[in-house]
Amino acid sequence: MILAIETSCDDTCAAVVTRDGEIRSNIISSQGVHARFGGVVPEIASRQHLTLLQPVIDQALDTAGVSLEQITLVAATRGPGLVAALLVGFSAAKALAAARRLPFAAVDHLHGHLAASFLKPTELEPPFLALIASGGHTLLADVRDHGPQPALLGQTLDDAAGEAFDKGARLLGLGYPGGAALERLAREGDAEAFEFPTGARMGGLDFSFAGLKTALLYRVRELGEQQTELCRADLAASYQRAIVESLTLRVRRALRATSATRLAVGGGVAANGALRAALEQLGVELDIPARELCTDNAAMIASAARYTPALAFPDYLTLDVYASGERTLAA
Ligand code: KG4
Ligand code: ZN
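Predicted model only: the values in this text are computed from it and were never measured.

Parameters at a glance
- Residues numbered from 1 in each chain as written.
- Chains lettered and ligands numbered in written order.
- Predicted model: local features only at pLDDT ≥ 70, side-chain atom pairs only at ≥ 80, totals over all residues.
- Heavy atoms only, no water.
- Helix = DSSP H or I, 4+ residues; strand = E, 2+ residues; numbered from the N terminus.
- Pairing = 2+ DSSP bridges.
- Axes fitted to C-alpha atoms, helices over the stretch in contact; angles between N-to-C directions.
- Buried < 20%, exposed > 50% of the residue type's maximum accessible area, 1.4 Å probe, protein only.
- Right-handed = clockwise from strand over helix to strand, strands pointing away.
- Near = heavy atom within 4 Å.
- Polar contact = N/O pair within 3.5 Å; in protein donor to acceptor, adjacent residues only side chain to side chain.
- Areas by Shrake-Rupley, 256 points an atom, 1.4 Å probe, with all protein chains shown as cover.
- Nonpolar A, V, L, I, M, F, W, Y, C, P; charged D, E, K, R; others polar.

In the segment running from Pro 126 into Pro 127, the intervening peptide bond is cis, with an omega of 5°. With respect to the helices and strands, Pro 127 occurs in the loop between α3 (109–115) and β6 (128–133). Here the phi dihedral of Glu 123 falls at roughly 45°; this positive angle occurs in a residue that is not glycine. Looking at the element boundaries, Glu 123 is found in the loop between α3 and β6. Positioned with a positive phi, Ser 259 is a non-glycine residue whose angle comes to about 55°. Note that Ser 259 resides in the loop between α6 (210–258) and β9 (262–266).

So this is what it looks like as structure tokens:
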């Protein structure tokens with residue numbers, strides 16, 4: 001039985017998962033406190049993790065109906081993420097493992113997102129192409145096995161897709177995080193009303209969303225307050241179309257490059273209906289895990305831990321977290 005902890009950003013998560021990938025509990029405590037700042041404040045996230053982590057771990061064990069004595073492997077996200085936030089979960093997990101002389105798996109967060117697809121009951125078997133699009137990352141990976149080193153085909157050069165949604169939402173006066181609100185507003189608008197850049201001329205499989213956000217900013221300025229108010233739904237729909245087209249275009253290229261016949265999608269943006277509809281048109285088998293497995297969670301970290309070499313006590317005690325540099329995904 002695996003106990004996993006994830007605290008890379010603003011969700012405090014703990015989960016219990018069996019060695020063969022059955023989720024026994026998956027507890028996610030989202031920190032609402034960041035909304036009024038319009039983004040995640042690392043120091044506040046860190047302090048919130050300190051408060052929430054123990055009750056979240058207790059609840060994960062309770063819900064699973066297991067005691068700490070039944071845990072045979074402890075896992076935690078090592079990076080990439082906010083260092084101050086990662087440290088809370090990583091240190092707690094190491095201490096839990098050390099106290100019982102248990103083995104420990106230090107999991108890469110992006111491997112975790114991919115490993116969400118390995119969980120029961122859907123249990124997708126490699127090979128497949130994976131698109132991860134969240135508030136913190138946007139990438140395409142060629143998943144050929146379960147291990148921590150899938151080939152990274154492309155990633156964002158600037159903003160993440162979720163960040164693009166959030167920044168667009170902010171420009172249109174919606175709250176934070178604004179992806180879901182922007183999608184709701186877009187349903188009432190005309191997606192062809194405005195032309196926004198999709199980076200179609202940019203070859204390859206990398207993404208870029210910074211220009212798109214700037215284009216919306218300029219369009220809003222040009223229109224002025226009154227006109228913007230009248231066109232908000234059209235702006236949202238057109239902006240969303242540009243993000244969806246940008247993602248879909250690169251997925252199509254990657255499918256062609258890898259001859260993959262299956263596509264797994266993860267990250268918070270996978271909840272977007274327009275994106276799902278566009279990906280369904282690609283003619284490949286589509287695997288989108290349940291919403292709570294797409295967004296940050298610890299069940300996916302436990303799943304990745306099954307395929308991450310575990311360290312014996314006391315070898316893990318000196319391990320540190322990483323913000324971005326040391327990621328294990330092969331570039
Ligand atoms: O995976 P996630 O929960 O957290 C990380 O960033 O790791 O993703 C959150 C992101 C936010 O940027 C949010 O605006 C976006 O996912 N999001 C959406 C939708 N729901 C959440 N974006 C577009 N449409 C949605 N329905
Ligand atoms: Zn994530």
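Spatial strand order, β8-β7-β6-β9-β10: five strands in an open sheet with mixed pairing. Two strands lie at the open edges of the sheet, namely β8 (151–155) and β10 (285–287), each paired on one side alone. Across the sheet, the mean angle from the axis of one strand to that of its neighbour is 20°, orientation sign disregarded. Bridge count between strand β7 (residues 138–143) and β8: four bridges; the pairing is antiparallel. Bridging across to β8, Leu 140 finds its partner in Gly 154.

Turning our attention to the environment of Glu 195. The topology assignment puts Glu 195 in the loop between α5 (179–186) and α6. Taking the C-alpha atoms as reference points, Glu 195 and Arg 241, 46 residues apart in sequence, are found 9.3 Å from one another.

With that settled, consider the pairing of strand β5 (residues 104–108). When you tally the buried positions in β5, you get five out of five residues, the bulk of the element. Neither face of β5 is exposed, since Phe 104, Ala 106 and Asp 108 on one face and Ala 105 and Val 107 on the opposite face are all buried. As judged from the five bridges shared by strand β4 (residues 73–79) and β5, these two strands associate in the parallel manner. Pairing of Ala 76 across the sheet is with Ala 106, part of β5. For the segment spanning β4, helix α2 (residues 83–99) and β5, crossover handedness is right-handed.

Close to ligand 1 lie 18 residues; Gly 135, Asp 166, Glu 183, Gly 268 and Asn 272 are nearest. At 3.2 Å, a backbone N or O of Gly 136 approaches an oxygen atom of ligand 1. Contacts to ligand 1 include Gly 179, whose backbone N or O atom sits 3.0 Å from an oxygen atom. Burial of ligand 1 by the protein amounts to 88% of the accessible area it has alone, namely 560 Å². Sorting the residues of the shell around ligand 1 by element identifies α4 (161–171) and α5 as the ones contributing at least two each. Its residues assigned to classes, the shell around ligand 1 shows five nonpolar, nine polar and four charged.

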